[in-house]
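An overview of the molecular structure
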Amino acid sequence: MNIRRWIAPAALALAALPAGAQDFSKVEIRTTKLSDTTYMMQGAGGNLGLSVGEDDVFLIDDQFAPLSQKITAAIAKLTAKPVRFILNTHWHSDHTGGNENFGKAGAILVAHENVRHRMSTEQFIEFIQAKEPPAPKVALPVVTFAQSVTFHLNGDEIRVTHIPRAHTDGDAIVHFVKSDVIHMGDVFFNGMYPFIDTSSGGTVDGVIAGCDQALAIAKDSTQIIPGHGPLGSRADLKAYRDMLAAVSARVKKLVGEGRKVDEIKAANVSADYDEKWGKGFIKPDRFAEMLAVNILRNR
Ligand SMILES: [Zn+2]
């Protein structure tokens, strides 16, 4: 195993989890049934989405490499079939860390073209000062798309849509039309301030636009899987979108007034939202700092 490959992003993702969760041997994969054919699975790293049924097994994201066997075992409780397709919502290795294992096992890896590009080359996530080496060939998406791709599986229509420059420059959201389920990837952090990866081409305006796109197709009954956090609803996504729009507007105003990043970091711009959203792994001052840098770089 390439230690560097998971230590750095693990630090990012696992900071949200209880102490000791870095030991993957303790991680359990929890499965939540959402419809006749779709499931949400949670272990460590990004939330998984799954479609099983009369056709092929379709998996969204694959967390960290040490969890591949546990994920495979959890899926085996639902179907005897192997994973045929994996859709990566973006390149971060708390969502793609299992690609190498599943790729070797014969799964077809699918992602936006920028996911393949970033996984093929060394990356540096500036916000957490983490360097990521290129992934081995077997871990790279073999099918890429620029705008959208649709899977017709298990009686469902699974629509995958690229969200430009949101959490990264390669995000996709996935709509299971019949099952009335949407997987948002890291465009949606449910109940906590999000990480927006400026150094991977992410922008706060892109995240807000991605939320608006999902809100336009979601119904009150739609179950929404966030990249991180508990299963959400349309109302949860709307509250998140409105929080992001309000706080980023305040930061934009301060940036426009010529305030420096450190001043914005210290300005309590999100004070009225911190009780509800500020207890995840991005604390309020870091959230303000992240937004300030993101807005300054993308002016
Ligand atoms: Zn991510």
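Use the structure listed above.
A brief report on the enclosed structure follows. (Residues numbered from 1 in each chain as written. Predicted model: local features only at pLDDT ≥ 70, side-chain atom pairs only at ≥ 80, totals over all residues. Heavy atoms only, no water.)

**Side note on the pattern of salt bridges**
The condition that has to hold: Salt bridges are defined as contacts in which a side-chain nitrogen from Lys or Arg sits within 4 Å of a carboxyl oxygen from Asp or Glu. Numbering of helices and strands runs from the N terminus, with a helix taken as a DSSP run of H or I at least four residues long and a strand as a DSSP run of E at least two residues long. Partly exposed describes any residue whose relative accessible area lies between the buried limit of under 20% and the exposed limit of over 50%, with all areas from a 1.4 Å probe on protein chains only and scaled to the type maximum.
Within this structure, the stated rule accounts for 17 salt bridges. Notably, a salt bridge pairs Arg 297 with Glu 126, separated by 2.8 Å at the nearest N-O pair. With Arg 297 in helix H10 (residues 284-297) and Glu 126 in the loop between strand E7 (123-125) and strand E8 (130-132), the pair connects residues that are 171 residues apart, well separated along the chain. Given the relative accessible area of 48%, Arg 297 is considered partly exposed. A salt bridge links Asp 242 to Arg 241; the shortest N-O distance between them is 3.5 Å. A residue is classified by how much of its surface remains accessible, and Asp 242, at 30% relative accessible area, is partly exposed.

**Considering the environment of Ser 93**
By the element assignment, Ser 93 lies in helix H3 (residues 93-96). Taking C-alpha positions, Ser 93 is 7.0 Å from Gln 63, a pair spaced 30 residues apart along the chain.

**Some points on the coordination of the zinc ion**
We apply this condition: Only nitrogen, oxygen and sulfur atoms within 2.8 Å of the metal, or 3.2 Å for Na, K and Ca, are treated as donors, and water is left out, so sites may look incomplete. A four-donor site is called tetrahedral if each angle lies between 85 and 135 degrees; a four-donor site is square planar, and a six-donor site octahedral, when trans pairs exceed 155 degrees and the remaining angles lie between 65 and 115; all other cases are labelled irregular.
Ligation of the zinc ion by protein atoms is provided by His 90 (NE2), His 92 (ND1), His 167 (NE2) and Asp 186 (OD), these donors lying 2.2 to 2.3 Å from the ion. The site at the zinc ion holds four donor atoms, and with the angles between them running 84 to 173°, its shape is irregular. Of the residues examined, His 90 reaches a relative accessible area of 0% and is grouped as buried. Since its relative accessible area comes to 0%, His 167 is described here as buried.

**Overview of the environment of Pro 133**
Structurally, Pro 133 is set in the loop between E8 and strand E9 (143-145). Measuring from C-alpha to C-alpha, the distance between Pro 133 and Gln 123 comes to 6.5 Å, with 10 residues separating the pair along the chain.

**A word on the sheet that holds strand E10 (residues 148-153)**
Rules: Two strands are said to pair when DSSP picks up at least two bridges between them. Fitted lines through C-alpha atoms give the axes, limited to the stretch in contact for helices. The angle between two N-to-C directions lies from 0 to 180 degrees. The criterion used for residue contact is that any of the two residues' heavy atoms lie within 4.5 Å.
One open sheet accounts for five strands, arranged E10-E11-E12-E13-E14; its pairing is mixed. Sheet topology places E10 and strand E14 (223-225) at the edges, where each strand pairs with a single neighbour. Between one strand axis and the next, the sheet turns through 15° on average, direction left out of account. Bridging between E10 and strand E11 (residues 156-163) involves six bridges; their strand directions are antiparallel. In the sheet register, Ser 148 faces E11, and the bridge partner there is Thr 161. Relative to E11, helix H6 (residues 204-217) is tilted by about 155°, and along the sheet it contacts E11, strand E12 (171-176) and strand E13 (181-183).

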